Amino acid sequence: MPILVMKFGGTSVATPDRIRRAAKRVGVEVAKGYDVIVIVSAMAGETNKLVGYVGETSPLYDAREYDAVVSSGENVTAGLMALTLQEMDVPARSWQGWQVPVKTTSAHSAARIEDIPPDNILRKFGEGMRVAVVAGFQGVSPEGRITTLGRGGSDTTAVAFAAAFDAERCDIYTDVDGVYTTDPRVSQKARKLDRIAFEEMLELASLGAKVLQTRSVELAMRYNVKLRVLSSFEEQSDEAGTLVCDEEEIMENRPVNGIAFSREEAKMTLVSVADRPGIAAAIFGPLSEAQVNVDMIIQNISEEGRTAMTFSCPVDQVRRAEKALQDAKERGEINFQELIADTDVAKVSAVGIGMRSQSGVAAKMFKTLSGEGINIKVIATSEIKISVLIDRKYMELAVQALHDAFELEKA
Ligand code: ADP
Ligand code: ASP
Ligand code: MG
């Protein structure tokens, strides 16, 4: 029988009643003849609660125990979903990551899936089971410890299962009815896209659009998984939601197709560092060793052999970055006068494949922001995106102004 993967996010399984509604949707696909792999997230708010408990218990926690704790939310929903399906006379059972097994690397809290042997689940399908309910977000390391895949990781679990089982489609059920031109919670003018290219979705996700985890889009692109995002709250047709697909399957070719943003950014500046060969390596080497994800970088012009180096990183990594740089200073590897951390910044990005062939996008973006009196602190560009770092208090305004300027509300 053909296999379908259906993933339900936190809000879609937030209560036993919502789980029942999700299970009914699964029942419809089973009735059509599909064997279904259901991937579930933890109930809404549950993972945040567990992360909070870990931080409260141990500020510099052992990542293996962090994973043991935060992976547990998904176990509850997997069991409840299986029970709900059984109540509906649909043959189902739950699977935790290690039972499948979902084999991952040992990078705790940010593990990558390496292999999902399909045999165990396929055998059960062969014996008459119709739905395998799998706890998302978790796996097992080569050492036999529980791992998690990073926040939002159930999306990646879903796509990885779709690839491993050669599923006909991977449907991501969430609390919005598709991928929009920007987060519909920030702009009321956001427009739902019927289709979006893998590459654009990849940029939007990595620049902050939480609707899909970045890694899930990467996997879907690599294994050519038919990936769809749709609402678990509305009646659905086969055409509903947004299809993430190859660029060739899309007719539209605008310079900008979406605006993404990330609130959780910080800007750090090393004041007065010696401008000499190897200085960048001496600064960013220790940061990388401390697993700080540096994003944008600017080096000022130097005056009398001294310069300033500015970079951005996720706001929750500021402490780690400070420590790495102070330690490097103490070891005599770098020498700076001051380290300034600005934790009140946000990143706003315009994304579009059409940018490759159209000029003037950056100019229009900068003009729009200046028209709103918003100061740009750092700029970064790539072939299909332009990102700026601005004061966080202007983030919503910037998103709305850019959405208007690029006329994204118009189909
Ligand atoms: P789930 O719990 O189902 O995984 P998430 O909260 O992770 O749901 O992702 C869905 C949310 O992503 C939406 O509620 C929406 O606020 C946010 N979002 C951000 N950018 C976009 C976008 N471009 N299109 C749709 N939703 C977006
Ligand atoms: N429950 C996890 C999280 O909140 C994984 C997910 O929902 O995708 O990050
Ligand atoms: Mg999510």
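Residues numbered from 1 in each chain as written. Chains lettered and ligands numbered in written order. Predicted model: local features only at pLDDT ≥ 70, side-chain atom pairs only at ≥ 80, totals over all residues. Heavy atoms only, no water.

1. Here we look at the site of ligand 2
Turning to step 1, where the next piece is worked out: Residues in close proximity to ligand 2 include Ser 41, Ala 42, Thr 47, Glu 74, Phe 137, Arg 151, Gly 152, Gly 153 and Ser 154, which together make up its full environment.
Turning to step 2, where the next piece is worked out: Between ligand 2 and Gly 153, the relevant distance is 3.4 Å, taken from an oxygen atom to a main-chain nitrogen or oxygen of the residue.
Turning to step 3, where the next piece is worked out: In the environment of ligand 2, an oxygen atom lies 3.0 Å from a nitrogen or oxygen atom belonging to the backbone of Ser 154.
Turning to step 4, where the next piece is worked out: When the free accessible area of ligand 2 is taken as 260 Å², the share hidden by the protein chains comes to 86%.
Turning to step 5, where the next piece is worked out: Here the residues of the shell around ligand 2 sort into two nonpolar, five polar and two charged. (Near = heavy atom within 4 Å. Polar contact = N/O pair within 3.5 Å; in protein donor to acceptor, adjacent residues only side chain to side chain. Areas by Shrake-Rupley, 256 points an atom, 1.4 Å probe, with all protein chains shown as cover. Nonpolar A, V, L, I, M, F, W, Y, C, P; charged D, E, K, R; others polar.)

2. Observations regarding the sheet that holds strand β17 (residues 378-382)
Turning to step 1, where the next piece is worked out: Within the open sheet, the six strands sit side by side as β14-β15-β13-β16-β18-β17. Their pairing is antiparallel. On the outer flanks of this sheet lie β14 (297-299) and β17, each paired with one strand and no other. Across the sheet, the mean angle from the axis of one strand to that of its neighbour is 25°, orientation sign disregarded.
Turning to step 2, where the next piece is worked out: The pairing of strand β13 (residues 258-274) with strand β16 (residues 338-351) spans eleven bridges and is antiparallel. When the bridges of β16 are listed, Gly 258 appears paired with Val 351.
Turning to step 3, where the next piece is worked out: Contacting β13, β14 and β15 (306-314), helix α9 (residues 279-289) crosses the sheet at an angle of about 25° to β15.
Turning to step 4, where the next piece is worked out: Packed on one face of the sheet, helix α12 (residues 395-405) meets β13, β16 and β18 (385-391) and runs near 120° to β13. (Pairing = 2+ DSSP bridges. Helix = DSSP H or I, 4+ residues; strand = E, 2+ residues; numbered from the N terminus. Axes fitted to C-alpha atoms, helices over the stretch in contact; angles between N-to-C directions. Contact = heavy atoms within 4.5 Å.)

3. Focus on the sheet that holds strand β11 (residues 227-231)
Turning to step 1, where the next piece is worked out: The sheet built from eight strands is open, its strands ordered β3-β6-β2-β1-β9-β11-β12-β10 with mixed pairing. Every other strand in the sheet has two partners, leaving β3 (92-95) and β10 (195-197) as the edge strands with one partner each. The average angle at which neighbouring strand axes cross in this sheet is 20°, direction not considered.
Turning to step 2, where the next piece is worked out: Taken together, the five bridges between strand β2 (residues 35-40) and strand β6 (residues 131-135) define a ladder with parallel strand orientation. Bridge pairing in β6 places Ile 39 opposite Val 134.
Turning to step 3, where the next piece is worked out: Across the sheet, helix α1 (residues 16-31) lies against β1 (3-8), β2, β6, β9 (169-174) and β11, angled at about 170° from β1, the strand it touches most.

4. Considerations on the site of ligand 1
Turning to step 1, where the next piece is worked out: Inspection of the region around ligand 1 gives 16 residues, with Thr 174, Asp 175, Tyr 180, Asp 183 and Arg 185 positioned closest.
Turning to step 2, where the next piece is worked out: Here an oxygen atom of ligand 1 and a side-chain polar atom of Lys 7 are 3.1 Å apart.
Turning to step 3, where the next piece is worked out: In the model, an oxygen atom of ligand 1 is placed 3.1 Å from a nitrogen or oxygen of the Gly 10 main chain.
Turning to step 4, where the next piece is worked out: Burial of ligand 1 by the protein chains amounts to 84% of its free accessible area of 570 Å².
Turning to step 5, where the next piece is worked out: In the shell around ligand 1, the residues fall into six nonpolar, five polar and five charged.

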